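# Examining the three-dimensional arrangement
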Amino acid sequence: MICPQCVGVEKFFDEKYAKRELKRYQRKGPVKTTRLLIEAIRTEGVKDLSLLDIGGGIGAIPFELFEAGVSRATDVEAATAYLKIARAEAERRGFADRVDYRSGDFVEEASDIDPADIVTLDRVICCYPDMQKLVSLSAAKARKIYGLVYPRLNLVMRLARPLINLQCRIKRSPFRFYLHSPAEVDRVLRDFGFTRRCESRTPLWQIVVFVRVE
Ligand SMILES: C[S@@+](CC[C@H](N)C(=O)[O-])C[C@H]1O[C@@H](n2cnc3c(N)ncnc32)[C@H](O)[C@@H]1O
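Just so we're clear, the structure is a prediction, and the values are computed from it rather than from any experiment.

The helix and strand inventory of the protein chain stands at nine helices and seven strands. Taken over the C-alpha trace, the protein chain has a radius of gyration of 16 Å; the compact-globule value for 214 residues is 17 Å, and the two agree within 12%. Projecting the C-alpha coordinates of the protein chain onto the three principal axes gives extents of approximately 45 × 40 × 35 Å. A total of 214 residues make up the protein chain; the buried ones form 51% of that total. Pairs at least 24 residues apart make up 70% of the contacts formed inside the protein chain by residues separated by at least 6 positions. Taken as a whole, the protein chain presents about 10600 Å² of accessible surface, with 52% of it coming from carbon and sulfur. Of the side chains in the protein chain, 37 bear a positive and 29 a negative charge, and the two mean positions are spaced by 7 Å.

Counting buried positions along strand 2 (residues 72-77) gives five out of six residues, so the element sits mostly inside the fold. When strand 1 (residues 50-54) meets strand 2, the two strands line up parallel, connected through five bridges. Across the sheet, residue Leu52 finds its bridge partner in strand 2, namely Thr74. One crossover worth recording links strand 1 to the parallel strand 2 by way of helix 4 (residues 60-67), and it is right-handed. Judged from the five bridges that link them, strand 2 and strand 3 (residues 99-103) form a sheet pairing that is parallel. Its bridge partner lying in strand 3, Glu77 is registered against Ser103. Regarding the hand of the β-α-β motif, the stretch spanning strand 2, helix 5 (residues 80-93) and strand 3 is right-handed.

Across the eight residues of strand 7 (residues 205-212), seven count as buried, placing the element largely inside the fold. Two strands pair when backbone bridges link them, and strand 5 (residues 142-151) and strand 7 are joined in this way by seven bridges, in the antiparallel orientation. Across the sheet, Pro151 pairs through a bridge with Trp205, a residue of strand 7. Direction of pairing for strand 6 (residues 194-201) relative to strand 7: antiparallel, over a ladder of seven bridges. Bridged to Ser200 within strand 7 is Ile207. Taking the residues between adjacent antiparallel strands as the criterion, strand 6 and strand 7 are bridged by three residues.

A word on the site of the ligand. Near the ligand, the surroundings consist of 18 residues, among which Gly55, Glu77, Asp105, Asp122 and Arg123 are the closest. Interatomic distance of 3.4 Å between a backbone N/O atom of Ala79 and an oxygen atom of the ligand. Between the ligand and the protein, one listed contact pairs a nitrogen atom with a backbone N or O atom of Asp122 at 2.8 Å. Starting from 600 Å² of accessible surface for the ligand in isolation, the protein chains cover 93%. Looking at side-chain class alone, the shell around the ligand contains 10 nonpolar, four polar and four charged residues.

We now examine the sheet that holds strand 6. Two pairing modes exist for strands in a sheet, parallel and antiparallel, and in both the strands are linked by backbone hydrogen bonds. As summarised here, the arrangement of the seven strands in space is 3-2-1-4-5-7-6, forming an open sheet in which the pairing is mixed. With one partner strand each, in any of the chains shown, strand 3 and strand 6 form the two edges of the open sheet. On average, adjacent strands in this sheet sit at an angle of 15 degrees to one another, irrespective of strand direction. Sheet strands in contact with helix 3 (residues 32-42) are strand 4 (116-122), strand 5, strand 6 and strand 7, and its direction is about 20 degrees off that of strand 7.

About the criteria used
- Residues numbered from 1 in each chain as written.
- Predicted model: local features only at pLDDT ≥ 70, side-chain atom pairs only at ≥ 80, totals over all residues.
- Heavy atoms only, no water.
- Helix = DSSP H or I, 4+ residues; strand = E, 2+ residues; numbered from the N terminus.
- Rg over C-alpha atoms; globule rule 2.2 N^0.38 Å.
- Buried < 20%, exposed > 50% of the residue type's maximum accessible area, 1.4 Å probe, protein only.
- Contact = heavy atoms within 4.5 Å.
- Areas by Shrake-Rupley, 256 points an atom, 1.4 Å probe, with all protein chains shown as cover.
- Lys, Arg positive; Asp, Glu negative; His and termini not counted.
- Charge placed at Lys NZ, Arg CZ, Asp CG, Glu CD.
- Pairing = 2+ DSSP bridges.
- Right-handed = clockwise from strand over helix to strand, strands pointing away.
- Near = heavy atom within 4 Å.
- Polar contact = N/O pair within 3.5 Å; in protein donor to acceptor, adjacent residues only side chain to side chain.
- Nonpolar A, V, L, I, M, F, W, Y, C, P; charged D, E, K, R; others polar.
- Axes fitted to C-alpha atoms, helices over the stretch in contact; angles between N-to-C directions.

So this is what it looks like as structure tokens:
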């Protein structure tokens, strides 16, 4: 992992950060946006389907979807601290043999990753500069369902982005937060044969599930 954003991700999502998130998840379950994404995917019917979770963090999506009937999962994660925590939690929950944990930038690793029935990117495209590449390479892996959580393009997020990035500059971190156009995300997914099935919002985030049109 040598690109500036990869170094930034590694520093930003460190062990302390990952442990804090795991503790919160163990106490309260998935955060609201992740819960909304999981609920929307579950309504599509997930029994015996496979999952590819990109930038999976502590692994809440596979853990919750296993309970709903998903058979196997692959998690491609750029931050090694997250990967370590997610792997240990999978073992603790008895899921270790059902998740394939892959370390690295999905865009770089894509040619080695198998397709899956469901692909999820929960608050990931805002951590990646090239939305077009990330979304198109991941959409190409999704056989049925594509679930996304990404920042809304509203005033709060437009103001938050430069502030977050200024804070990173002050801390000399190469990590940057990106706002990508939802219309552009839609266009890429439409080009891959997906149509929007459902959408929900929180004040800061948009949760969208796409399905592949037969
Ligand atoms: C804000 S965190 C979200 C983690 C988790 N999905 C959640 O919602 O709690 C963004 C995650 O995406 C990962 N990430 C960003 N770009 C990635 C890429 N190109 N390949 C793999 N992981 C990536 C980061 O390492 C980080 O773990």
